[in-house]
Amino acid sequence: VLTGRGWWFLFFAATTLLAGVVWLGAFTSAIPLLGLTLCGYLAWEWFFFQYRARAAGDRLRLDRELLQVGRAVPSAWVGSPVTVRLTITNTGRASLPFIRIVDRLPSDIALSPEVNQLDTSLAAGGRVVLEYTLTPTSPGQLRFEGATIHTADLAGLFYRRQFLAVPREYLVMPPLADHDARRRTTKRFNALPPPGIHRLRRPGSGDELLDLREYRPGDPPKMIAWKASARRDVLMTKEIESDVPVRMVLFVDATNSARIGPPGFAPIRRFVDVASAMTQAAVGNRDLVGMQILRESGSETLAPARTKIHVLRILKMLTVSASELPQPQALDAELTARFAFPVASELYPDRLQSFVNSRPFGLFWLPISDSRWQYVMWGLLGLPTLFFSPWILELLANISATFAPAGKTWMLFFGLSIAPGVLAILLWLLHGVRGFLQPRAGRTSRRKQLAMLFAGQDAAEPILVERYLNDDVEFTRRASRFLHVHHVRLPLAMYDRDGTNRYRNPEKLTQLTHAITRSLSLARDNELYVVLAELLELSQELEPLLKTIRAVRARHHAIIVLMPWPADVPREMLPETEPLKLGTLVKQVLIRRTHEQYQHARQHLVQAGATVMLLDATDSVQLVLDRLDRLRTARVRR
Amino acid sequence: MTESQAASQPYRDYLFIAVASLVLVALVLLSKSGGNLLVLLALIPAFVGFITRSTFMPMVFLVMLVFLNIFPDGNVFVSPIPSDAKHFRIVDMAFVLAATTYFVSLFRFKSLKTAILPATTGSEKTTQEERPRQVSEIETEEYAYLFGGLLAFVFMASLVWLSLSSIAIDPTQFPPFLWADDARERRQTNRFLLLVGLLGTVTIVLGLLFSYWRHQRLMPAVARQYLLDTAWRENRRELNRLELWRAWGRGQLAASESFRPRFRTLVKIAAFVIAFGLALLLGRIALGLILDILYPR
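Residues numbered from 1 in each chain as written. Chains lettered and ligands numbered in written order. Predicted model: local features only at pLDDT ≥ 70, side-chain atom pairs only at ≥ 80, totals over all residues. Heavy atoms only, no water.

Asker: Please explain the overall build of chain A as it appears in this structure.
Answerer: Within chain A, the secondary structure is distributed over 17 helices and 18 strands. In summary, chain A has a C-alpha radius of gyration of 38 Å against a globular reference of 26 Å for 638 residues, an excess of more than 25%. Per-residue burial for chain A yields a buried fraction of 51% across its 638 residues. For chain A, the distance from the average site of its 79 positive side-chain charges to the average site of its 59 negative ones is 3 Å. (Helix = DSSP H or I, 4+ residues; strand = E, 2+ residues; numbered from the N terminus. Rg over C-alpha atoms; globule rule 2.2 N^0.38 Å. Buried < 20%, exposed > 50% of the residue type's maximum accessible area, 1.4 Å probe, protein only. Lys, Arg positive; Asp, Glu negative; His and termini not counted. Charge placed at Lys NZ, Arg CZ, Asp CG, Glu CD.)

Here it is in structure tokens:
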């Protein structure tokens, strides 16, 4: 591609050459010679640039590594800096005098600006290494698409951009245990059971006295409480508390509704942070931890355990859940295309070139046969058939004779005869030409290029291209999949025209209820269920969950429900201001509704026996753990 | 030499080369104008181009050079004297070499000081910040290639100019070319046709070469898309017809599954009936009027 500088130079050099050869060469040889030299230089630069682009630019190879402490790693951790090493190798026969390598960065990272670029030259067979450090800021996936290579000649007259697509995905695990998940060292009770063992107020074989009861035949004599027996004159037996491990089961909501929210503040991100810290804290206390992830496609289960591999498995499951983007429920084809096209232009520039992705003239023409205007056109074209009627002919002749000047009657007669045909042609022309006008032409062009790209990626038949061009539903589905793969968020319309939340998912409650019931059926002595779910929108339909919670409590287990507070809704009500604007009013209504939903859900859940905690976006994980710990220990405190 | 001085060395190299070129250009212009110092004013845009690093000022300088070659003393009221083309004149070659060196040095200087990847137009427009070429990448061979290449270009250009001036096209002969004196009568037309022919031939040959190379080096995914695009272009109309029918069928199916006469549809039908009735009435009135005019009672 010629740069702006190149175009100017070409224009003036070519003008000098043309003027010199055709006209000014008659007066002096210097001008044509100058024109020829300048054009020759430009042509030579172009030739060499093209040669280098083919012989070297198309033969670059990119390798990527993620390093931590000098070693290649398959995944990263939130908050831990990781070094990205890019090696570009020139396997071609030509050298590149100047290239700029720009690595495309994934989302949700912290990076100082411009360190992901490198300007260098690259000899044939040589290699360059670009290294930079980034820090993942939230759990999920780091997707590196590849690197953009800008090539230019030394004078900056020619320029080429290519993208070396080498997609790589790395999991970003939640932060490993630090201060958030340290094992408890503070002594809260005089009789502190050993790690991993918790007191349960049921008769068992622990150390603490639970109760006294009358002796029953078969009771071991060593359990007889002699003093109490002497006082009452009846044999009494001591009952000892049970010592059991706590088994914690996490129920994590990873459905679509939990993935909606501002980038980095979606409820699922918060769930993953908290679940990860709770898992590590529990395992640090030698408690068993299990997990169930709830998705639209079904739930995924991990049985309780407390090994390190098990913890890593839980973290991986959480990470995969956090990396998923919300699936848009209602999308406009044009909106999707507008989001997808820049991504495609950046990542697949070679597949959008007209060379492999043509846009023929006929693509933009709007055939009248596809619209209802065709009936008008056929009607106009059919009008001359009326001329077979002598009455019509006589009428036309009379009109001509009346309205046309003498001697020019035939002209009016001829004009009236061909007028319908001319009108039909005009109609056909105007209808068809509209396709070449903006913004329709831009839309068609974008859509065609994307359709061809998608069909090419799917290794499909040519008919799929036409389907994507004509079928909005198919196109939208495919384009949103494309954006989803490349981790591009689409704007979500939360509510439909009737004000109904599109992402409300009542099936989630059924799923959650089944999951808890299943766990309950396998439960032993001392279970702690932690539900991390987005339930605000379903606050009026909690009855099945409430029943399950009552069953859990009836079996003497504990259940904690952690509900996220929407990141974009303030915790306090907005003060009423005068004059009230429409926007403020809507905002107030929405905030009030959220508060009411929370209060309603909280009231019913607490009445059923659950402990409810609100997960605010600003709460630190340590705070949540402390509160949870208080809740867990409070029930055994006497 | 300090580090910063060493870093600025390449800029200065190109600056010195450009200034030396301009001195040579000035000397040639002075010799052509008979020592008229006013011609040195033509160098002002060249220096401005360096100071401001503007893309346009060197082009103004080029126009000035052309002007001063036609009117060496700057007097536009004197008609230029036609002269026989002379080839391989040292003065002309030195002038052309110096002017070309200036342009190339200026562009490379600009790449080092301002930006090597200027923002371009169209779909390739880049949003990245403009950054100059890194100084550490400069190699000493650049200068050698620059001077060697430009000398070769000037020599080749002289050869081409000799050919353009000496060859005439005569379609009545085979091969349709005349040499030397026979070509003088239709010199300008000949030059133009030869230039067009030369450029066309070179462009077509190089274009075919690169096109072949491009096809040959296609990546598998791109090649697959190339074939897909070709197949789509050949069958587009048939496929479009099929898809339209399919879309129509889907629409019919959806309509039959959820048929619900809407108020809007009813309003449309009513409006159509009323409009049709009105049109009939107006047509009847208009026809009556026309018939009254044509056949007065």
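Asker: Quick question: what am I supposed to make of the overall build of chain B here?
Answerer: A tally of regular secondary structure across chain B gives eight helices and two strands. Element order for chain B, N to C, with α for helix and β for strand: α-α-α-α-α-β-β-α-α-α. As displayed, chain B has an accessible area near 18600 Å², and 68% of this comes from carbon and sulfur atoms. (Areas by Shrake-Rupley, 256 points an atom, 1.4 Å probe, with all protein chains shown as cover.)

Asker: Whenever I open this one, the packing of helix α1 (residues 4-22) of chain A against helix α2 (residues 30-55) of chain A confuses me. Can you help?
Answerer: A pair of packed helices can be characterised by two numbers: the angle between their axes and the separation between those axes. Residues and elements named next belong to chain A. Relative orientation of the contacting elements α1 and α2 amounts to 145°, with a least axis distance of 7 Å. The two elements α1 and α2 meet at a crossing, and its hand is left-handed. From α1, Phe9, Leu10, Ala13, Ala14, Thr16, Leu17, Gly20 and Val21 reach across to α2, where they touch Ile31, Pro32, Gly35, Leu36, Leu38, Cys39, Tyr41 and Leu42. Taken together, the residues of the contact of α1 with α2 break down into 13 nonpolar, three polar and no charged. (Axes fitted to C-alpha atoms, helices over the stretch in contact; angles between N-to-C directions. Left-handed = near helix turned anticlockwise from the far one by under 90°. Contact = heavy atoms within 4.5 Å. Nonpolar A, V, L, I, M, F, W, Y, C, P; charged D, E, K, R; others polar.)

Asker: Teacher, can you tell me more about the pairing of strand β10 (residues 159-173) of chain A here?
Answerer: For a regular strand, side-chain orientation follows a simple rule: the groups alternate between the two sheet faces. Residue and element names in this part refer to chain A. Burial analysis of β10 places eleven of its 15 residues in the buried class, which makes it a mostly covered element. Across three bridges, the pairing between strand β3 (residues 75-77) and β10 is parallel. Directly across from Ala76, in β10, lies its bridge partner Val172. (Pairing = 2+ DSSP bridges.)

Asker: Got a minute to help me understand the nonpolar core in this structure?
Answerer: Most often, soluble globular proteins have nonpolar side chains that are buried together. By size, the foremost hydrophobic cluster in this structure holds 61 residues, and its most contacted members are Phe9, Tyr41 and Leu157 of chain A together with Val25, Phe61, Phe95 and Tyr102 of chain B. Among the elements of the structure, α1 and α2 of chain A together with α1 (3-33), α2 (44-52), α3 (57-70), α4 (90-113), α5 (141-166) and α6 (187-216) of chain B are those that each provide at least two residues to this core. The leading source of residues in this core is α4 of chain B, at twelve residues. Judged by nonpolar contacts, the second largest core, of 38 residues, contains Met173, Met291, Leu528 and Leu625 of chain A. (Core = buried A, V, L, I, M, F, W, Y, C linked by side-chain atoms within 4.5 Å.)

Asker: Help me understand the sheet that holds strand β6 (residues 109-110) of chain A, please; the structure alone is not making it clear to me.
Answerer: Backbone-to-backbone hydrogen bonds pair the strands of a sheet. The strands run either parallel or antiparallel. The strand order across the open sheet built from five strands is β2-β1-β4-β8-β6 (chain A), with neighbouring strands paired in antiparallel fashion. If you trace the sheet from one side to the other, it starts and ends with β2 (71-72) and β6 of chain A, each paired once.

Asker: What should I look at first to understand the packing of helix α15 (residues 543-554) of chain A against helix α16 (residues 582-608) of chain A in this one?
Answerer: Residue and element names in this part refer to chain A. At a minimum axis distance of 8 Å, the contact between α15 and α16 shows a crossing angle of 30°. Our classification of the angle between α15 and α16 gives roughly parallel. On α16, the residues touching Leu545, Leu546, Ile549, Arg550 and Arg553 of α15 are His604, Leu605 and Ala608. Looking at the contact of α15 with α16 residue by residue, the class counts come to five nonpolar, one polar and two charged. (Parallel < 35°, antiparallel > 145°, perpendicular 65-115°, else oblique.)

Asker: Can you help me understand the interface of chain A and chain B in this one?
Answerer: The accessible area lost on association of the parts is a frequent measure of interface size. On the chain B side, the residues contacting the 96 residues of chain A number 86 residues. Summing both partners gives a buried area of about 8400 Å² for chain A against chain B, and 67% of it is carried by carbon and sulfur. A per-residue breakdown of the area chain A buries against chain B is headed by Arg5, Leu154 and Phe355 of chain A, which together make up 10% of the total. Joining chain A to chain B, the criterion identifies five salt bridges. The salt bridge partner of Arg246 of chain B is Asp471 of chain A, with a shortest N-O separation of 3.3 Å. No other element matches the 18 residues that α2 of chain A contributes to the side of chain A that touches chain B. Across the side of chain A that touches chain B, the residue classes tally to 50 nonpolar, 25 polar and 21 charged. (Buried area = accessible area lost by both parts, 1.4 Å probe. Salt bridge = Lys/Arg side-chain N within 4 Å of Asp/Glu carboxyl O.)

Asker: Even after reading the chapter, I still don't get helix α11 (residues 440-457) of chain A, so can you show me in this structure?
Answerer: Each turn of an α-helix holds 3.6 residues, which means side chains three or four residues apart point in the same direction. Residue and element names in this part refer to chain A. With 18 residues, α11 ought to run about 26 Å at 1.5 Å a step, and its terminal C-alpha atoms sit 26 Å apart, in line with that. Extensive coverage of α11 is indicated by the burial of 13 of its 18 residues. Where α11 ends, the next residue or the one after it, Ala459, has phi of about 50°, a positive value. (Expected span 1.5 Å × (residues − 1).)

Asker: Whenever I open this one, empty space enclosed by the protein confuses me. Can you help?
Answerer: One way to see where empty space is left: roll a probe the size of a water molecule over the atoms. Residues and elements named next belong to chain A. A complete count under the given rule lists three cavities of 30 Å³ or more for this structure. Of the volumes computed, that of the largest cavity is approximately 100 Å³. Lining the largest cavity are 14 residues, with Ser107, Asp108, Gln141, Arg269 and His487 positioned closest to its centre. For the lining of the largest cavity, the secondary structure elements donating two or more residues are β9 (140-152) and α5 (308-323). With three residues, β9 is the single largest residue contributor to the lining of the largest cavity. Among the residues making up the lining of the largest cavity, the classes are represented as five nonpolar, six polar and three charged. (1 Å grid on protein atoms, 1.4 Å probe; cavity = no way out; pocket = protein on both sides within 12 Å on 5 of 7 lines; lining within 4 Å. Points joined across faces, edges and corners; volume = space filled by probe spheres on them.)

Asker: Could you clarify how one ought to interpret the sheet that holds β3 of chain A in this entry?
Answerer: All names here are of chain A. The strand order across the open sheet formed by five strands is β3-β10-β9-β5-β7, and the pairing between neighbours is mixed. Each of the sheet's edge strands pairs with one partner strand only, and the pair in question is β3 and β7 (117-122). Averaged over all neighbouring strand pairs, the angle between strand axes comes to 35°, with direction disregarded. Pairing of strand β5 (residues 96-103) with β9, which is carried by five bridges, proceeds in the antiparallel orientation. Within β9, the residue paired with Ile101 across the bridge is Ile149. Across the sheet, α2 touches β5, β9 and β10, and the angle it forms with β10 is around 30°.

Asker: What exactly am I supposed to notice about the packing of aromatic side chains here?
Answerer: Two aromatic rings are characterised by how far apart their centres lie and by the angle between their planes. A complete count under the given rule lists 34 aromatic pairs over all chains for this structure. When the centroid spacing of 5.9 Å and the interplanar angle of 20° are considered together, the rings of Trp8 of chain A and Phe12 of chain A count as stacked. Taken together, the residues span about one helical turn, with Trp8 of chain A and Phe12 of chain A both in helix α1 at a distance of four residues. Consider the rings of Phe9 of chain A and Tyr41 of chain A, whose centres lie 6.4 Å apart with planes at 75°: the pair is edge-to-face. Of the two residues, Phe9 of chain A is situated in helix α1 and Tyr41 of chain A in helix α2; the sequence distance between them amounts to 32 residues. As far as the burial class goes, Phe9 of chain A and Tyr41 of chain A line up, both buried. A cation over an aromatic ring shows up here: Arg447 of chain A above the ring of Phe475 of chain A, its NZ or CZ 4.4 Å from the ring centre. Directly above the aromatic system of Trp232 of chain B lies the positively charged group of Lys448 of chain A, at a separation of 4.6 Å from the ring centroid. (Phe/Tyr/Trp six-rings, centres within 6.5 Å; stacked < 30°, edge-to-face > 60°. Lys NZ or Arg CZ within 6 Å of the ring centre and 35° of its normal.)

Asker: Is there a simple way to explain α3 of chain B in this structure?
Answerer: Between the first and last C-alpha of α3 of chain B there are 20 Å, a value that for 14 residues agrees with the 20 Å anticipated at 1.5 Å per step. The complete set of buried residues in α3 of chain B reads Pro58, Met59, Phe61, Leu62, Leu65, Val66, Leu68, Asn69 and Ile70 of chain B.

Asker: Quick question: what am I supposed to make of unusual backbone geometry here?
Answerer: Generally, phi is negative for residues other than glycine and the peptide bonds are trans, each holding for most cases. Residues and elements named next belong to chain A. Residue Gln438 is joined to Pro439 through a cis peptide bond whose omega torsion reads 0°. Looking at the element boundaries, Pro439 is found in the loop between α10 (409-433) and α11. Despite not being glycine, Asp233 has its phi angle at roughly 65°, a positive value. Inspection of the secondary structure assignment puts Asp233 in the loop between α3 (226-232) and β12 (236-244). Taking relative accessible area as the criterion, Asp233 reaches 68% and is therefore assigned exposed. The phi torsion at His556 lies on the positive side, around 65°, for a residue other than glycine. By the secondary structure assignment, His556 is in the loop between α15 and β17 (558-564).

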